Amino acid sequence: MIKETTPWFQYPSYSWDKKTVTVVGAGIAGSQIAWHLAKRGWKVTVIERNPKPAQEASGNIAGIISPKVTAKPSLGEDFYSQCFLYTLEQLELLQRQPSSTLNWNPVGVLQLAYKDRDYQRWKQLQERIITNDFTEDFLQCLDDKAASQIANIAIKHPAIYFPNAGWIDPVSFCNTLLMHENITLIKQSEAIDITHNNNKEWEVSDAQNHLISTSEAVVICSGKDLDFAPISRLPSVAIAGQTSLAVGNKKAGGLKTALDHEGYITPVITSNTKLNQQQQLLFGATYDLNSMDDSLDPKANQHNFEKLQRHLPDLANGLTDIESGHAAIRRVTPDRLPYLGAVPDLLAYRQDYNDLHHGKHWKHYPKARYYPKLFISAAYGSRGLTTSGLCAKALACMMNGEDSPVSDALLQALHPARFCIRDLKKGTEK
């Protein structure tokens, strides 16, 4: 928990009578927080508007789990590295469950240094390896020949290699998390209205004003829509993305690792539900900023193919029978980090901290005000498979009164009011 810090980033402590919670959304963010709270004895109700979990932002046939590193040590690198290592531990635990249907493939990920900026980062990371910033099982810097040997295809760029990274079937991930006996999944029911009643409980209702769930707490984990009244002012943009599928010839079908370039491509993938009998590779994805169009578009397949061909021409030319994969909307914040924590009352923030730009010492300001027992874990962009697990643990610890698994600095970097505070300090908050 955050202790001695500026009041606007200070969270309250909580007491609970029943430990009941409603989670809005059964994508990876919702499934993660449901699992982490269920493990702590909470009774969890997950509301999903689709017939199955993981059908929207988490609905790709395959997704990449890997860290993100920077040329020099940074808070962002620390965040992604911690999240990645935690997710690996969690996946190992889930795979040991007798009922697990988890489809996790740690085939490694090669991140190509195809631009000068990426090459400069590659060289700086080499120096950091020498000074023991990274272990060999976490990160390696490879030349094009070594990268080609590991990938089993021709690569013309040096690459950063994450040997323990890989691809996962997100549906299997979410289904495995939601198997816990303390979790009740309500499908084909859309949460439209969230209100706090006179009994100090939250009521979640649908478009017809039918009550879906009542609980002490609510966690909003919608991947596509962040228009519930308490969070509608949190800045984010919608990004539409579509993946593509293709059959590989003998050479392309021999790809051994996932590759990250301007887009990404997996080796041949297996799925019990979404693929035909052919051995297909998945690649993509498009990146349509400020778009809410999640319909499949054949033109997107050509766009994905052209990106692949620019950086991996031999591999691209070995693909046939290209078809559409999955299209979805993802929400991202201005700094690309998710929103995690209690939902702030931004109107109260603007009242209480309106003169922050005058430089008055933080000890003169009142404690932050939040909506009672309302939380958010959302806006993970395209990295939720890697980052939502540790974030869910941090949020569950916050709700349960446990010590945080992440630093105060990281909790502040993820705080839902961080952009409001930034603008108040600049005197630009409206």
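Further up the page is the structure itself.
Thresholds, definitions, all that
Residues numbered from 1 in each chain as written. Predicted model: local features only at pLDDT ≥ 70, side-chain atom pairs only at ≥ 80, totals over all residues. Heavy atoms only, no water. Phe/Tyr/Trp six-rings, centres within 6.5 Å; stacked < 30°, edge-to-face > 60°. Buried < 20%, exposed > 50% of the residue type's maximum accessible area, 1.4 Å probe, protein only. Lys NZ or Arg CZ within 6 Å of the ring centre and 35° of its normal. Helix = DSSP H or I, 4+ residues; strand = E, 2+ residues; numbered from the N terminus. Expected span 1.5 Å × (residues − 1). Pairing = 2+ DSSP bridges. Polar contact = N/O pair within 3.5 Å; in protein donor to acceptor, adjacent residues only side chain to side chain. Contact = heavy atoms within 4.5 Å. Axes fitted to C-alpha atoms, helices over the stretch in contact; angles between N-to-C directions.

1. With respect to the packing of aromatic side chains
Alright, step 1. Scanning the entire structure with this criterion turns up 15 aromatic pairs.
Alright, step 2. On the basis of an interplanar angle of 5° and a centroid distance of 5.8 Å, the ring pair of Phe134 and Phe138 is categorised as stacked.
Alright, step 3. Residue classification places Phe134 among the buried residues on the basis of a relative accessible area of 9%.
Alright, step 4. If you follow Lys360 out to its NZ or CZ, it ends over the ring of Tyr365, 4.8 Å from the centre.
Alright, step 5. When the ring centre of Tyr80 is taken as reference, the NZ or CZ atom of Arg383 above it lies at 5.3 Å.

2. So, helix 1 (residues 28-39)
Alright, step 1. Helix length check: helix 1, at twelve residues, gives a terminal C-alpha distance of 16 Å against a target of 16 Å (1.5 Å per residue), a fit within 8%.
Alright, step 2. Counting buried residues in helix 1 gives eleven out of twelve residues, a clear majority hidden from the surface.
Alright, step 3. Among all positions of helix 1, only Ile28, Ala29, Gly30, Ser31, Gln32, Ile33, Ala34, Trp35, His36, Leu37 and Ala38 are buried.
Alright, step 4. Gly41 lies just past helix 1 and shows a positive phi near 90°.

3. Thoughts on the sheet that holds strand 3 (residues 63-65)
Alright, step 1. Reading across from one edge, 3-8-4 is the order of the three strands in this open sheet, with antiparallel pairing throughout. Single-partner strands in this sheet number two, and they are strand 3 and strand 4 (104-105).
Alright, step 2. One ladder, built from three bridges, connects strand 3 with strand 8 (residues 166-168); its direction is antiparallel. Looking across to strand 8, one finds that Ile64 is bridged to Trp167.

4. Overview of the side chain of Gln32
Alright, step 1. Within the element layout of this structure, Gln32 appears in helix 1.
Alright, step 2. Gln32 gets classed as buried once you look at its relative accessible area, which sits at 0%.
Alright, step 3. A distance of 2.7 Å separates a polar atom in the side chain of Gln32 from a polar atom in the side chain of Gln90.
Alright, step 4. Those residues in contact with Gln32, other than ones at most four positions away along the chain, are Gln90, Phe173, Leu177, Ser388, Gly389 and Ala392.

5. Remarks on the sheet that holds strand 10 (residues 193-196)
Sheets are built from strands that pair by backbone hydrogen bonding, the pairs being arranged parallel or antiparallel.
Alright, step 1. The strand order across the open sheet formed by three strands is 10-11-12, and the pairing between neighbours is antiparallel. Strand pairing shows two members of the sheet lacking a second neighbour, strand 10 and strand 12 (211-215), which therefore form its edges. Taking the axes of each pair of neighbouring strands and ignoring which way they run, one obtains an average angle of 20° across the sheet.
Alright, step 2. With four bridges connecting them, strand 11 (residues 202-205) and strand 12 associate as antiparallel partners. In the sheet register, Ser205 faces strand 12, and the bridge partner there is Leu211.

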